[in-house]
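Next come the chains, spelled out residue by residue.
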Amino acid sequence: MEATGILKLRVILDKDNAEKLILPSRPNSVQALIDAIKSRLNFTFDFRLQFHDPDFDNALCNLVKIEDLPAIASVKVVRLVELDRISTSTDDTILQTDSTDTIDSPERISRWPEVFIVPPFSYEVEHVLREGNAAFDKNGKVITLTRDQKHNILETMGEEIYKLKAYPSTTQIGKAAEALVRKHPCLKERNSDTGWEGWKNSLRYKMGDQKKKLAKAGIMDVAVNAGKRSRTNPDGASPRANIKRPRRGEVNFLPSYPSGETREDIPLIHQHMMRTFALRREEIVTTSPPVSELKDRWPALIHETQLYFEFHRITNQTLPHVFYAALDDYAPQLIGLYKKRKTGWVGERMEQLLLAYGKQVFKNTNYYSACLAVEEIEFYEATIALVADVDEEEVPGGVPFSPRQVFIVLEDQVVMTHHSWTDALVCLFGLIYALHLSYPEKCTGFFEFIQVVLLKLDDERKQLKPKLQTLKNELV
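Note that the structure is predicted; figures quoted are calculated from it, not measured. Throughout, a residue's number is its position along its own chain's written sequence, starting from 1. Confidence filtering applies because this is a predicted model: local features only for residues at pLDDT of at least 70, side-chain atom pairs given and counted only at 80 or more, and all residues used for totals across whole chains, interfaces and linings. Calculated side-chain values reflect all of the structure's heavy atoms, with hydrogen atoms and water omitted.

Notes on the pairing of strand β10 (residues 413-418)
Step number 1: Pairing analysis gives five bridges linking strand β9 (residues 405-410) to β10, with the strands arranged antiparallel. Paired with F407 across the strands is T417, a residue of β10.
Step number 2: Linkage of β9 to β10, two consecutive antiparallel strands, is achieved through a turn of two residues, within which E411 is found at a positive phi near 50°. DSSP bridges decide pairing: two strands pair if at least two such bridges lie between them. Numbered from the N terminus, helices here are DSSP runs of H or I no shorter than four residues, and strands are runs of E no shorter than two.

This is the structure:
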């Protein structure tokens, strides 16, 4: 079916949030529609769609055929969670489901949302807010909460924030506070420029209190930073020394063990990568063992499929899919910037490439990726490297587009091989996360570009280097 006609959609996120979206033409398929919604609304999670079917009195039905969707329609976003399970067959399997098993899945199953969803509060507080919102709509009057009512709001909001992130940035806490006041305008502060600045500060303090309680309860991602210097522990380490928290957009950085299991139980089921995730992250994050030891202890991490599963557990993001989609989106702009580089080392290389390969350099993102990879990762610090085995005696511009193999080298040993630069680069980035490795000093900007710009793995805390910030601005 060809794409025809304007499509007007009401995209339902939950019972309190919906977005209006107008597409200039009807997508060719349901998947194309999902991709369009993802792109236009900046969604970073996977989902399926339901629609109000006029054939069944507008009851919700799964959207299977794009032609079933009316030109003006409401569609509901239903999140999908990608889980890896232990299969009885020898094949790797991926199960997509709308619910998760609390034992077999990581603690956090979604990234920080574009729109923070305010949770329901106690029956009393919901009643007070409902009446208060009605009064605010009439005369703009705000309400005064009792101490217990405010405590319930902060406690519930703090728990909802922790479900998404143990160490949210100030910006993210501010977005949560803004969402609270937007949903319940009767909570707006009179003497505040934003109307929610006080709520943001209160949430920050509440998150600090909650982390102390959770650390005492043994919750791993906050307990790992407990025992620092305090009035009761004057000989402890500095409170800000060696803080272990997500710094590269990880979602499940240091999870707690599955219910009913301990560190001693885990080796009994070590073949189950999902169930050993907590043990693995504890070892990798807290002790930083050498790659050779990790390779022997967790050999499945060097298997490409399991590596992508591990990356998904840590970030809730499907690495190859998101990387290649972003590369396709940004390739034209990046190639345009490369074309402008007439001088310097990069300009000389591009001129050699054009003479040798002609316009095909700019028609294939794989060529661009090869150039990008060689330009930035052709180094031999023995820490992290991509090394190519090539047939050509002469390689124009120093960029071997068609290597026989590309070796991924970590700490002086080859851990994986691939036949293309791009596939090797994706695996290398996955290994950096899975093994909790630092970016090589000479290539920090390159890997931060992949992290922040291509994969959008950023908690809005990172201050980009000026050149990288300029590049990011030019690509927007």
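Additional details are given in the paragraphs that follow.
So, the side chain of D53
Step number 1: Inspection of the secondary structure puts D53 in strand β3 (residues 47-53).
Step number 2: A 1.4 Å probe rolled over the protein chains alone gives each residue an accessible area, and that area as a share of the maximum for its type sets the label: buried under 20%, exposed over 50%, partly exposed in between. For this count, His and the chain ends are skipped, Lys and Arg are scored as positive, and Asp and Glu as negative. Whenever Lys or Arg places a side-chain nitrogen within 4 Å of a carboxyl oxygen from Asp or Glu, that contact is recorded as a salt bridge. Of the buried charged residues, D53 lacks a salt bridge, with K65 as the closest side chain of opposite charge at 11 Å.
Step number 3: The contact criterion used is simple: two residues touch if any of their non-hydrogen atoms lie within 4.5 Å. Ignoring any residue separated from it by four or fewer positions in sequence, one finds D53 in contact with N58, A59 and C61.

Some details on the nonpolar core
Nonpolar side chains in soluble globular proteins generally cluster together in the buried interior.
Step number 1: Counting 53 residues, the largest nonpolar core has I408, L410, F429, L431, F447 and I450 as its most contacted members.
Step number 2: For this analysis, a nonpolar core means a set of buried residues of the types Ala, Val, Leu, Ile, Met, Phe, Trp, Tyr and Cys, connected via side-chain atoms within 4.5 Å. Formed by 27 residues, the second largest nonpolar core is a distinct cluster that contains F116, F121, I153 and L154.

What to know about helix α14 (residues 444-454)
Step number 1: By the criterion of burial, α14 is predominantly enclosed, with ten of the eleven residues buried.
Step number 2: When α14 is considered as a whole, its buried residues turn out to be T444, F446, F447, E448, F449, I450, Q451, V452, V453 and L454.
Step number 3: A positive backbone phi angle near 55° is found at K456, which sits one or two residues after α14.

A look at the packing of aromatic side chains
Step number 1: The criterion for an aromatic pair is that two Phe, Tyr or Trp rings (for Trp, the six-membered ring) have centres within 6.5 Å, with stacked assigned to planes under 30 degrees apart, edge-to-face to planes over 60 apart and tilted to the rest. Tallied over the entire structure, the rule returns eight aromatic pairs.
Step number 2: Aromatic pair F323 and Y324: ring centres 5.5 Å apart, planes at 90°, arrangement edge-to-face.
Step number 3: For Y324, a relative accessible area of 26% gives the class partly exposed.
Step number 4: Look at F429 and F447: their rings are 6.4 Å apart centre to centre, the planes differ by 25°, and that puts the pair in the stacked class.

So, the pattern of salt bridges
Step number 1: One pass over the structure, following the stated rule, counts seven salt bridges.
Step number 2: We note a salt bridge from K163 to E160, for which the minimum N-O separation is 3.5 Å. Remark: E160 and K163 occur in helix α3 (residues 147-164); sequence separation between them is three residues, near one turn of the helix.
Step number 3: By relative accessible area, which is 53% here, K163 ends up exposed.
Step number 4: Linking R313 and E310 is a salt bridge whose minimum nitrogen-to-oxygen distance equals 2.3 Å. Here the residue R313 and the residue E310 both occupy positions in helix α9 (residues 304-315), the gap between them amounting to three residues, near one helical turn. For the pair R313 and E310, one class covers both residues: buried.
Step number 5: Where salt bridges share partners, they join R280, E310 and R313 into one cluster.

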